[in-house]
Amino acid sequence: MKTAAQISAATAWCRMAPSPIVFVPTMGALHAGHASLIRQARRTAGPKGSVVLSIFVNPTQFGPKEDLSRYPRPFAADRKLCREEGVDLLFHPSPEAMYARDHSVSIHEKSLSSGLCGGSRPGHFDGVCTVVAMLFQIVAPDIAIFGEKDWQQLAVIRRMVRDLRMPVTIKGCRTVREKDGLALSSRNRFLSRENRSMAPRIYQTLKARSMEVAGGEVSVARLRRNLIMDLAAIPGASLDYAEIMHESTLSPLKKLDAKNPARALVAVRFGDVRLIDNMALPTPR
Ligand code: PAF
């Protein structure tokens, strides 16, 4: 595995690398969810293609009161995992390498970014779009893989790629969960024992809505009310948002039907740890 901290070294490597180049952008602190992204990348690239993974804790997607400084950076363990999972190039630039001191250009997606996480994290998706576009410039991947746990991020990136005609195919990778259902996240490690034991109820709450739909419920208002009630009842949790939306336009729905694939999306805070999760709702019969 080649590692590169400089943009010029990464670009030179990528321009010579056998295609397809399959790219997994991350902020490091890699866990089994990332391992599954890398395995999907490896399968997609095939034995001859190239898998590139970036680790960059992107300052521009953190708000002033967010956890940029305490975001975990276990580089040696991350590098080991990348090597074991068959990454070909690990690109890990510094903030100074990525951003000119007076950088002044950014990408703003103005529709899908406005609600959900965008509502509670103003500017977050500008930072995500800008850094992902920069990484695409450097790596020039054929395919890029993102986790479905960050469903809104995936939708926003798909929209950016579509609207800016970026020559890359975006693929989603299913959320990996702990045995008890908690979606894997680099932030889970900050949960207290008590909160960790309550956090799987987020998944149970989503699952319960999916069962309600399977049982014939089509009213989004009722499903959403139950979602909010169940999340609010989790000890130690405070609700950030709970919505049921069209899965790709992220627009609100009134009623579930076969024409509008729907997804429940939630964010919950346990103290200063903010967890997000989402689940596709079945198509009503
Ligand atoms: O999902 C993440 O880890 C980040 O938002 C990403 C896509 C690597 C951009 O910094």
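Before reading on, note that the structure itself is shown above.
Residues numbered from 1 in each chain as written. Predicted model: local features only at pLDDT ≥ 70, side-chain atom pairs only at ≥ 80, totals over all residues. Heavy atoms only, no water.

1. Notes on the overall build of the chain
Quick reminder of the rule: The secondary structure listing takes helices from DSSP runs of H or I that are at least 4 residues long and strands from runs of E that are at least 2 residues long, numbered from the N terminus. Think of it in three bands: with a 1.4 Å probe and only protein chains considered, a residue is buried below 20% of the maximum accessible area for its type, exposed above 50%, and partly exposed in between. In short, Shrake-Rupley with a 1.4 Å probe defines the accessible areas, and a residue's cover is counted only from the protein chains shown. Charged-residue counts in this description rest on Lys and Arg as positive and Asp and Glu as negative, His and the chain ends being excluded. Charge placement uses NZ in Lys and CZ in Arg. For Asp and Glu, CG and CD serve respectively.
The secondary structure content of the chain amounts to ten helices and nine strands. When the backbone C-alpha atoms are referred to their principal axes, the chain occupies close to 55 × 40 × 40 Å. Each of the 285 residues in the chain was classed as buried or not, and the buried ones make up 51%. Surface accessibility of the chain: about 13800 Å² in total, with carbon and sulfur atoms responsible for 52%. Treating the 41 positive side-chain charges of the chain as one cloud and the 26 negative ones as another, the clouds have centres 3 Å apart.

2. Examining helix H2 (residues 32–45)
Going by this rule: Helices are assigned an expected span. That span is 1.5 Å times one less than the residue count. In this analysis, two residues are considered to be in contact whenever any of their non-hydrogen atoms come within 4.5 Å of each other.
Helix length check: H2, at 14 residues, gives a terminal C-alpha distance of 20 Å against a target of 20 Å (1.5 Å per residue), a fit within 8%. Those residues of H2 that fall on the buried side of the exposure criterion are Gly33, His34, Ala35, Ser36, Leu37, Ile38, Gln40, Ala41 and Ala45. Its buried side turned inward, H2 meets strand S2 (21–26), strand S3 (50–55), helix H3 (75–85), strand S5 (143–147) and strand S6 (169–173). Immediately beyond the C-terminal end of H2, within one or two residues, lies Gly46, with a positive phi of roughly 75 degrees.

3. Focus on the sheet that holds strand S8 (residues 262–270)
Using the following cut-off: Here the rule is simple: two strands pair whenever DSSP picks up at least two bridges between them. All axes are obtained by fitting lines to C-alpha atoms, using only the stretch in contact for helices, and the reported angles, taken between N-to-C directions, cover 0 to 180 degrees.
An order of S7-S8-S9 is seen for the three strands of this open sheet, with the pairing classed as antiparallel. Looking at the sheet topology across the chains shown, the edges are occupied by strand S7 (237–246) and strand S9 (273–280). With strand direction ignored, the average angle separating the axes of adjacent strands in the sheet is 15 degrees. Across the sheet, helix H9 (residues 200–214) is in contact with S8 and S9; its angle to S9 comes to roughly 20 degrees.

4. Quick notes on the site of the ligand
Note the cut-off: One heavy atom within 4 Å of a molecule or strand makes the whole residue count as near it. We define a polar contact as two N or O atoms separated by no more than 3.5 Å, with the added condition that, inside protein, one atom must be a possible hydrogen donor and the other a possible acceptor, whereas residues neighbouring each other in sequence contribute only through side-chain atom pairs. Classification convention: Asp, Glu, Lys, Arg as charged; Ala, Val, Leu, Ile, Met, Phe, Trp, Tyr, Cys, Pro as nonpolar; all other residues, Gly among them, as polar.
Neighbouring the ligand are the residues Pro25, Thr26, Met27, Asn58, Gln61, Val131, Phe146 and Gln153. At a separation of 2.6 Å, an oxygen atom of the ligand approaches a polar side-chain atom of Gln61. Contact distances for the ligand include 2.7 Å between an oxygen atom and a side-chain N or O atom of Gln153. For the ligand, whose free accessible area comes to 290 Å², the fraction covered by protein is 89%. Tallied by class, the residues present in the shell around the ligand amount to four nonpolar, four polar and no charged.

5. Some remarks on the sheet that holds strand S1 (residues 2–4)
Spatially, the six strands line up as an open sheet ordered S1-S4-S3-S2-S5-S6, and their pairing is parallel. Strands with a single pairing partner mark the edges of an open sheet, and in this sheet they are S1 and S6. Strand after strand, the sheet turns through a mean of 25 degrees between neighbouring axes, direction not considered. In this sheet, S6 lies alongside S5 in parallel orientation, the contact comprising five bridges. Across the sheet, Phe146 pairs through a bridge with Gly172, a residue of S6.

6. What about unusual backbone geometry?
With an omega of 0 degrees, the peptide bond running from Ser19 to Pro20 counts as cis. Its place among the elements puts Pro20 in the loop between helix H1 (7–16) and S2. The phi dihedral of Leu116 is positive, around 50 degrees, even though this residue is not glycine. Locating Leu116 in the fold gives a position in helix H5 (residues 116–120). In this model, Ala140 sits at a positive phi of 50 degrees, which is unusual for a non-glycine residue. Within the secondary structure, Ala140 is located in the loop between helix H6 (124–139) and S5. A relative accessible area of 37% places Ala140 in the partly exposed class.

7. A short note on the nonpolar core
Definition in use: As used in this record, nonpolar core signifies buried Ala, Val, Leu, Ile, Met, Phe, Trp, Tyr and Cys residues forming a set joined through side-chain atoms within 4.5 Å.
By size, the foremost hydrophobic cluster in this structure holds 43 residues, and its most contacted members are Val132, Phe136, Phe146 and Ile170. Of the residues forming this core, the biggest block, ten residues, is contributed by H6. Residues contacting Val132, with those up to four places away along its chain left out, are Phe146, Ile157 and Met160.

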